[in-house]
Amino acid sequence: MYMMWFDDNNKKPVERKIDEAVAAYMRHFKTRPNVVLVNEADHIDLPGIRVRVAGYVQRNNFWVGWEDAATLNVMAQAATTGTR
């Protein structure tokens, strides 16, 4: 399950935007997300959460969510073998 967060404030660093998106997710779903999908222009590395580029995510949009280990393993395998 993902929650989309939009923040186009150019004065705010991407790290803060993601922190605010994670906080909103936690308020809504009562659990901590483990992944944020971002546009390539917004990609940064953060401790405690996986920030992954997704070509379909627009700039200043942050898709905050939860991916289980099985999903992550299938995606990693597909990335290395080119299949799913």
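Every value quoted in this text rests on a predicted model; they were computed, and no experiment measured them.

### Notes on the overall build of the chain
Scanning the chain from N- to C-terminus turns up two helices and four strands. If you list the helices and strands of the chain from N to C, you get β-α-β-β-β-α. Classification of the 84 residues of the chain by burial places 36% in the buried group. Pairs at least 24 apart in sequence give 49% of the contacts found in the chain among residues at least 6 apart. Counting every atom, the chain has about 5,600 Å² of accessible surface; 53% of that belongs to carbon and sulfur.

### Concerning the sheet that holds strand E4 (residues 61–65)
As summarised here, the arrangement of the four strands in space is E1-E4-E2-E3, forming an open sheet in which the pairing is mixed. Edge positions in the open sheet fall to strand E1 (2–6) and strand E3 (50–53), since each of these has one partner strand only. With direction set aside, neighbouring strand axes in the sheet form an average angle of 25°. The pairing of E1 with E4 spans five bridges and is classified as antiparallel. In the sheet register, Tyr2 faces E4, and the bridge partner there is Gly65.

### Quick notes on the nonpolar core
Soluble globular proteins: nonpolar side chains tend toward being buried together. Within the largest apolar cluster, 14 residues are counted, with the highest numbers of intra-cluster contacts made by Ile18, Val36 and Phe62. Those elements that provide at least two residues to this core are helix H1 (14–29), strand E2 (35–38) and E4. In terms of residues, this core owes the most to one element, H1, which gives six residues. When near neighbours in sequence (up to four residues on either side) are disregarded, Val36 contacts Ile18, Val22, Ile49, Arg50, Val51, Arg52, Phe62, Trp63 and Val64.

### Concerning unusual backbone geometry
Most peptide bonds are trans, and most residues other than glycine sit at a negative phi. The backbone phi angle of Lys30 is positive, close to 60°, even though this residue is not glycine. Its location among the elements puts Lys30 in the loop between H1 and E2. With relative accessibility at 69%, the residue Lys30 sits in the exposed group. The phi dihedral of Asn60 is positive, around 70°, even though this residue is not glycine. Inspection of the secondary structure puts Asn60 in the loop between E3 and E4.

### Quick word on H1
If you check H1, its first and last C-alpha atoms are 22 Å apart, about what 16 residues at 1.5 Å a residue would give, namely 22 Å. Three or more residues of H1 are buried, namely Val14, Lys17, Ile18, Ala21, Val22, Ala24 and Tyr25. Buried residues of H1, seen end-on, are gathered within an arc of 160° and therefore sit on one face of the element. Buried-residue contacts for H1 involve E1, E2, E3 and E4. Within two residues after H1, Lys30 carries a phi angle of roughly 60°, on the positive side.

Calculation notes
- Residues numbered from 1 in each chain as written.
- Predicted model: local features only at pLDDT ≥ 70, side-chain atom pairs only at ≥ 80, totals over all residues.
- Heavy atoms only, no water.
- Helix = DSSP H or I, 4+ residues; strand = E, 2+ residues; numbered from the N terminus.
- Buried < 20%, exposed > 50% of the residue type's maximum accessible area, 1.4 Å probe, protein only.
- Contact = heavy atoms within 4.5 Å.
- Areas by Shrake-Rupley, 256 points an atom, 1.4 Å probe, with all protein chains shown as cover.
- Pairing = 2+ DSSP bridges.
- Axes fitted to C-alpha atoms, helices over the stretch in contact; angles between N-to-C directions.
- Core = buried A, V, L, I, M, F, W, Y, C linked by side-chain atoms within 4.5 Å.
- Expected span 1.5 Å × (residues − 1).
- Arc of directions from axis to C-beta.

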